[in-house]
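A closer look at the structure
The chain contents come next:
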Amino acid sequence: MKVTTVVIAGAGGRGRLTYAPYSKQFPDEMKLVAAAEKIPERLREIQREYALSEEHCFSSVEEMFARPRLADMAFICTQDKDHVRHACLALEKGYDLLLEKPVSDDVAECRRLLQKAEELGRSVTVCHVLRYAPFYQKLKKLLEEGAVGRIISIQASENVGYWHQAHSFVRGNWRNSSETSPMILQKCCHDMDLLVWLTGSRCQRISSMGSRSYFREENVPQGAPRYCLEGCPVKEDCPYDAEKIYVTDKVTGYDAKGAGWLQNAVMVKPTREGLLDVLQTSPYGRCVFRCDNDVVDNQSITLEMENGVTVGFHMCGLNRNNYRSIHIMGTRGDITGNLEEEELVLHRFGGEEETLRINAAETASGHSGGDFCMLHDMFEARDQGRAALTSLRQSLESHYMALAAEQSRRSGGKRILLEEFVNENGSIRNMVE
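This is a predicted model, so every value here is computed, not measured.

**Focus on the nonpolar core**
Within the largest apolar cluster, 84 residues are counted, with the highest numbers of intra-cluster contacts made by Phe 65, Ile 206 and Leu 303. Among the elements that line this core, the one with the most residues is helix H16 (residues 392–410), at eight residues. The residues contacting Ile 206, other than those within four sequence positions of it, are Ile 301, Thr 302, Leu 303, Met 401, Ala 404, Ala 405, Ser 408, Lys 414, Arg 415, Ile 416 and Leu 418. Residues Val 6, Ala 20, Val 129 and Ala 381 belong to the second largest nonpolar core, which totals 28 residues.

Laid out in structure tokens, this is it:
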């Protein structure tokens, strides 16, 4: 396989910490040659770590894409609202793309990007990495083999850890839908994409209910200050205390595991002392009941697919751990599974129960192995001249489902016909290959 040269737009958690390391582990597949990042410390760190030349380090994405094309591919890992604008700049320069999800929270904008990519003949792989995770690959294979017969119904959930909810969707970058995306799109377009893929069908009807039930001003504990490290009187009893989550907690804290993705979001090259200092003024140090968040902390969706499969999906941000679970019911059996436990249990009606464990060696990267599996497939597909598993055309269906669900939620759970919804905002006829 020919080595693919890459530029990264956005050197944050996904760009610098997830995708860039692939070039070290698999130098025969990927070579990082340039990066753009508006935060100077992050730019200096990726420059140092990957020995990038000064002329190939840029303080803005626009500056990098103003130059003649520097590589084969561009990885777009900027904030949600910038994805399409930056993707278009890269496409116009002749780059093929790896595009972080969500593509956009605007249907018409999604359609414009698809049109531009196809007009220019460029490939765009969307980071719906869970399709590549060995857990879901095994599940898809079982379904294709007819392990449960014809699929009748699915129950699925994304259970967001309380600390992840507080970090990303209350204090962090995805707390406010007007600045980024609705939570059901940002967090759960993965899940909507999996439902389309596993059922082999588009969604026909959808309805949804949910709310920001807990992380609200009226739930501020008496005497709680704006920042947790300002001497909060309920610090000992509050699980959302910033010092606990980022420093002292036995599961998520720096004291237990050193610097992970949580700590790296708070500061570049985290140290214990540095975290305690930064959290005094950082958005990540705020009381969870005194933030400018407006996204939901729970949401339920009911879906009917075009092939008749019914789905109940639930997302909630009040769980001890992060995990996805699924229960697929068919005419000849059912399958239950937990992604984080990497276990599927197949029950064939009238037969023996079969437990299938996913090989842990296959899940060495993030998203239960999906991150690196996606990159490998994308580079291999590019080398072979075929489409990757998560092309832009395929992936956009999940966005329309999530956006329709959000409209339904805001309309009190009104049932929405997908075709009508998307045609009102931008046609999606023949969107799924």
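**A closer look at helix H6 (residues 107–120)**
End to end, H6 covers 20 Å across 14 residues, agreeing with the expected 20 Å (1.5 Å per residue, within 8%). Residues of H6 that are buried: Val 107, Cys 110, Leu 113, Leu 114 and Ala 117. The arc that holds every buried residue of H6, seen down its axis, measures 125 degrees, which confines them to one face. Buried residues along H6 sit in contact with helix H5 (83–92), strand S5 (96–99), strand S6 (124–126), H16 and helix H17 (418–425). Gly 121 occupies a position one or two residues after H6 and carries a positive phi of about 70 degrees.

**Some points on the side chain of Lys 187**
Mapping Lys 187 onto the fold places it in the loop between helix H9 (183–186) and helix H10 (189–199). When residues no more than four places from it in sequence are discounted, the contact partners of Lys 187 are Lys 101, Glu 158, Val 160, His 164, Phe 169 and Arg 324.

**Topic: unusual backbone geometry**
Of note, the amide linkage connecting Lys 101 to Pro 102 takes the cis form, showing an omega dihedral of -10 degrees. A positive phi angle, close to 50 degrees, is found at Ala 51, a residue other than glycine. Mapped onto the elements of the fold, Ala 51 is located in the loop between helix H3 (40–49) and strand S3 (57–58). Backbone geometry at Lys 269 places phi at a positive 55 degrees, although glycine is not the residue there. Looking at where Lys 269 falls in the secondary structure, it is placed in the loop between helix H13 (261–266) and helix H14 (272–278). A relative accessible area of 53% places Lys 269 in the exposed class.

Cut-offs and rules
- Residues numbered from 1 in each chain as written.
- Predicted model: local features only at pLDDT ≥ 70, side-chain atom pairs only at ≥ 80, totals over all residues.
- Heavy atoms only, no water.
- Core = buried A, V, L, I, M, F, W, Y, C linked by side-chain atoms within 4.5 Å.
- Buried < 20%, exposed > 50% of the residue type's maximum accessible area, 1.4 Å probe, protein only.
- Helix = DSSP H or I, 4+ residues; strand = E, 2+ residues; numbered from the N terminus.
- Contact = heavy atoms within 4.5 Å.
- Expected span 1.5 Å × (residues − 1).
- Arc of directions from axis to C-beta.

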